[in-house]
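So you can see what is in the structure, the chains are spelled out below.
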Amino acid sequence: LVIDDDPINRKLIINILSKKGFESLEAGNGVEAFSILEKHNVDIILLDIVMPIMDGIEFLKEIKSRPAYLNLPIIILTTDDSKKIEA
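Reading the values: the criteria
Residues numbered from 1 in each chain as written. Predicted model: local features only at pLDDT ≥ 70, side-chain atom pairs only at ≥ 80, totals over all residues. Heavy atoms only, no water. Pairing = 2+ DSSP bridges. Helix = DSSP H or I, 4+ residues; strand = E, 2+ residues; numbered from the N terminus. Contact = heavy atoms within 4.5 Å. Axes fitted to C-alpha atoms, helices over the stretch in contact; angles between N-to-C directions. Expected span 1.5 Å × (residues − 1). Buried < 20%, exposed > 50% of the residue type's maximum accessible area, 1.4 Å probe, protein only. Arc of directions from axis to C-beta. Polar contact = N/O pair within 3.5 Å; in protein donor to acceptor, adjacent residues only side chain to side chain. Patch = residues over 30% accessible without salt bridge, like charges linked within 9 Å, V, L, I, M, F, W, Y side chains within 5 Å. Areas by Shrake-Rupley, 256 points an atom, 1.4 Å probe, with all protein chains shown as cover. Salt bridge = Lys/Arg side-chain N within 4 Å of Asp/Glu carboxyl O. Core = buried A, V, L, I, M, F, W, Y, C linked by side-chain atoms within 4.5 Å.

*Asks:* Would you mind showing me how to read the sheet that holds strand β1 (residues 2–3) here?
*Replies:* Working definition: the strands of a sheet are paired by backbone hydrogen bonds and lie parallel or antiparallel to each other. Judged by pairing direction, the sheet is parallel, and its 4 strands sit side by side in the order β2-β1-β3-β4 without closing on themselves. The sheet is open, and its two borders are formed by β2 (26–27) and β4 (74–76), each paired with just one other strand. Bridge analysis of β1 against β2 gives 2 bridges, and the strand direction is parallel. Across the sheet, residue Ile3 finds its bridge partner in β2, namely Ala27. Sitting on the sheet, helix α3 (residues 56–64) touches β1, β3 (45–47) and β4, and the angle it makes with β3 is about 150°.

*Asks:* It is not clear to me how helix α1 (residues 7–19) should be interpreted in this structure. Could you clarify?
*Replies:* Because each turn of an α-helix spans 3.6 residues, side chains separated by three or four positions in sequence point in the same direction. With 13 residues, α1 extends 18 Å between its outermost C-alpha atoms, agreeing within 8% with the 18 Å of an ideal straight helix rising 1.5 Å per residue. Among the residues of α1, Arg10, Ile13 and Ile14 are the ones counted as buried. An end-on view of α1 places all buried positions within 95° of arc, on one side of the element. Exposed and oriented more than 90 degrees from the buried face of α1 are Ile8 and Lys19. A distance of 2.8 Å separates the backbone nitrogen of Ile8 from a side-chain oxygen at the start of α1, and that oxygen is part of Asp6. In the stretch just after α1, Gly21 is the one whose phi turns positive, near 95°.

*Asks:* It is not clear to me how a nonpolar patch on the surface should be interpreted in this structure. Could you clarify?
*Replies:* Taken together, Ile44, Ile75 and Leu77 make up a surface patch of nonpolar side chains, about 210 Å² in accessible area. Tracing the sequence through the fold places Ile75 in strand β4.

*Asks:* Please explain the environment of Leu1 as it appears in this structure.
*Replies:* By the element assignment, Leu1 lies in the segment before β1. Counting along the chain gives 43 residues from Leu1 to Ile44, while the straight-line C-alpha distance between them is 6.3 Å.

*Asks:* Explain the nonpolar core to me, please; I cannot follow it from the model alone.
*Replies:* A general tendency of soluble globular proteins is for nonpolar side chains to be buried together. Judged by nonpolar contacts, the single largest core of 17 residues is most densely connected at Leu1, Ile3, Leu37, Ile45, Phe59 and Ile63. Those elements that provide at least two residues to this core are α2 (30–39), β3 and α3. Per-element tally for this core: the top contributor is α2, with 4 residues. With sequence-adjacent residues up to four places away left out, Leu37 is seen in contact with Leu1, Val42, Ile45, Phe59, Ile63, Tyr69 and Leu72.

Right, here's the structure in full:
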């Protein structure tokens, strides 16, 4: 699941993954991502930090509070170096 508010970034990441044989789902923010997670089994999340509605930090806090997703790997992809991320 690729979560990024920038559609160009999402398409770029999905294109790279597709060329490697992976299928991807996409969401523009954390709220959309939770809606997708309720309907689909996801193996890994690629997460942007700076997003509207629910940003990546809020998403991380929320997903780690849900037992069903505790072991779901999350990779943070962002160009914002001003955020300190604590897992």
